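# Fold and contact review
In case you want the letters, here they are:
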Amino acid sequence: MATKIKDVAEIKTFALADFFALPALEAGKKLPLTLPDGTETEHYLIVIGADAPAARRRLLELGREVRDRDESKMSDDEVYDINTVNTIKYRSSLVTGWSFDTPFSKEAVSELLAQNPGLSQEIELLASNRSRFFAQDSKAS
């Protein structure tokens with residue numbers, strides 16, 4: 001019987017705000033950068049969550065572009081190229097800042113992602129992993 005009383009006393013109460021995720025998703029999370037050979041660096045990108053309003057808006061815009069194009073008049077290579085560009089556009093929209101001395105711009109992020117497909121995938125993986133936005137920052141991955 002003493003155990004039951006102890007369990008009841010340890011029940012934590014939560015406020016509605018304890019379940020809010022958007023502030024953390026919009027603030028973003030540092031994605032530590034490694035060189036292509038795996039060498040850790042001091043550099044990072046700031047990545048927002050896929051559920052952040054800016055990310056959802058960009059995905060909606062790109063979805064409209066896809067819906068409105070007539071792929072029947074395009075070659076497979078043209079469709080592939082457009083899809084590749086749109087993937088980079090979306091993943092670039094998830095990046096809101098970086099640690100480089102070079103001024104931040106979406107064009108520069110797009111160039112970086114076009115030249116580093118693995119990093120491009122890492123960005124989308126981080127953005128889609130909601131729990132990582134509430135975890136402590138980690139070393140370069």
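Going by the structure above, here's the rest.
Throughout what follows, the structure given in this document is the object of discussion. Only a predicted model underlies this, so the values are computations on that prediction, with no experimental measurement involved.

### Considering the packing of aromatic side chains
Summed over the entire model, instances satisfying the criterion amount to 3 aromatic pairs. Measuring from ring centre to ring centre gives 5.1 Å for Trp-98 and Phe-100, while their planes differ by 85 degrees; the resulting arrangement is edge-to-face. Exposure remark for Trp-98: the relative accessible area of 14% places this residue in the buried category. Classification of Phe-100 by relative accessible area gives partly exposed; the value is 28%. Counting every residue linked through ring pairs, the aromatic cluster contains Trp-98, Phe-100 and Phe-104. Note that Lys-30 overlies the ring of Tyr-44, its terminal NZ or CZ placed 4.5 Å from the centroid.

### What about a negative patch on the surface?
A contiguous patch of negative charge, built from Asp-76, Asp-77, Glu-78 and Asp-81, is present on the exposed surface. Mapped onto the elements, Asp-76 comes out in helix 4 (residues 76-93).

### A short note on the pattern of salt bridges
By the definition in use, this model includes 6 salt bridges. With its nearest N and O atoms 2.5 Å apart, the salt bridge here joins Arg-130 to Asp-51. Linking Arg-130 in the segment after helix 6 (117-128) with Asp-51 in the loop between strand 2 (40-47) and helix 3 (53-68), this pair joins segments that are 79 residues apart in sequence. Under the relative-accessibility criterion, Asp-51 is labelled partly exposed at 22%. Notably, a salt bridge pairs Arg-67 with Asp-68, separated by 3.1 Å at the nearest N-O pair. Across this residue pair, the class does not change: Arg-67 and Asp-68 are exposed.

### Digging into helix 6
For helix 6, spanning 12 residues, the distance from its first C-alpha to its last is 17 Å, which sits close to the expected 16 Å at 1.5 Å a residue. Listed in full, the buried residues belonging to helix 6 are Leu-119, Ser-120, Ile-123, Leu-126 and Ala-127. Projected onto a plane normal to the axis of helix 6, the buried residues spread over an arc of 130 degrees and lie on a single side. Turned more than 90 degrees off the buried face of helix 6, the exposed positions are Pro-117 and Leu-125. At its buried positions, helix 6 is contacted by strand 1 (29-34), strand 2, helix 4, strand 3 (95-98) and helix 5 (106-115).

### Description of the sheet that holds strand 3
The strand order across the open sheet formed by 3 strands is 1-2-3, and the pairing between neighbours is antiparallel. The open sheet terminates on both sides in strands that have one partner only, identified here as strand 1 and strand 3. Ignoring strand direction, the axes of neighbouring strands in this sheet form an average angle of 35 degrees. Bridge analysis of strand 2 against strand 3 gives 3 bridges, and the strand direction is antiparallel. Pairing of Val-47 across the sheet is with Val-95, part of strand 3. Contacts from helix 5 reach strand 2 and strand 3 within the one sheet, and its direction differs from that of strand 3 by about 90 degrees.

### Regarding the environment of Ala-50
Tracing the backbone shows Ala-50 in the loop between strand 2 and helix 3. On a C-alpha basis, the gap between Ala-50 and Ser-75 in space is 31 Å, while along the polypeptide they are 25 residues apart. Every residue in contact with Ala-50, bar those within four places of it in the chain, is listed here: Ala-55, Arg-56, Tyr-90, Leu-94, Ala-127 and Ser-128.

How each quantity is defined
- Residues numbered from 1 in each chain as written.
- Predicted model: local features only at pLDDT ≥ 70, side-chain atom pairs only at ≥ 80, totals over all residues.
- Heavy atoms only, no water.
- Phe/Tyr/Trp six-rings, centres within 6.5 Å; stacked < 30°, edge-to-face > 60°.
- Buried < 20%, exposed > 50% of the residue type's maximum accessible area, 1.4 Å probe, protein only.
- Lys NZ or Arg CZ within 6 Å of the ring centre and 35° of its normal.
- Patch = residues over 30% accessible without salt bridge, like charges linked within 9 Å, V, L, I, M, F, W, Y side chains within 5 Å.
- Areas by Shrake-Rupley, 256 points an atom, 1.4 Å probe, with all protein chains shown as cover.
- Salt bridge = Lys/Arg side-chain N within 4 Å of Asp/Glu carboxyl O.
- Lys, Arg positive; Asp, Glu negative; His and termini not counted.
- Charge placed at Lys NZ, Arg CZ, Asp CG, Glu CD.
- Helix = DSSP H or I, 4+ residues; strand = E, 2+ residues; numbered from the N terminus.
- Expected span 1.5 Å × (residues − 1).
- Arc of directions from axis to C-beta.
- Contact = heavy atoms within 4.5 Å.
- Pairing = 2+ DSSP bridges.
- Axes fitted to C-alpha atoms, helices over the stretch in contact; angles between N-to-C directions.

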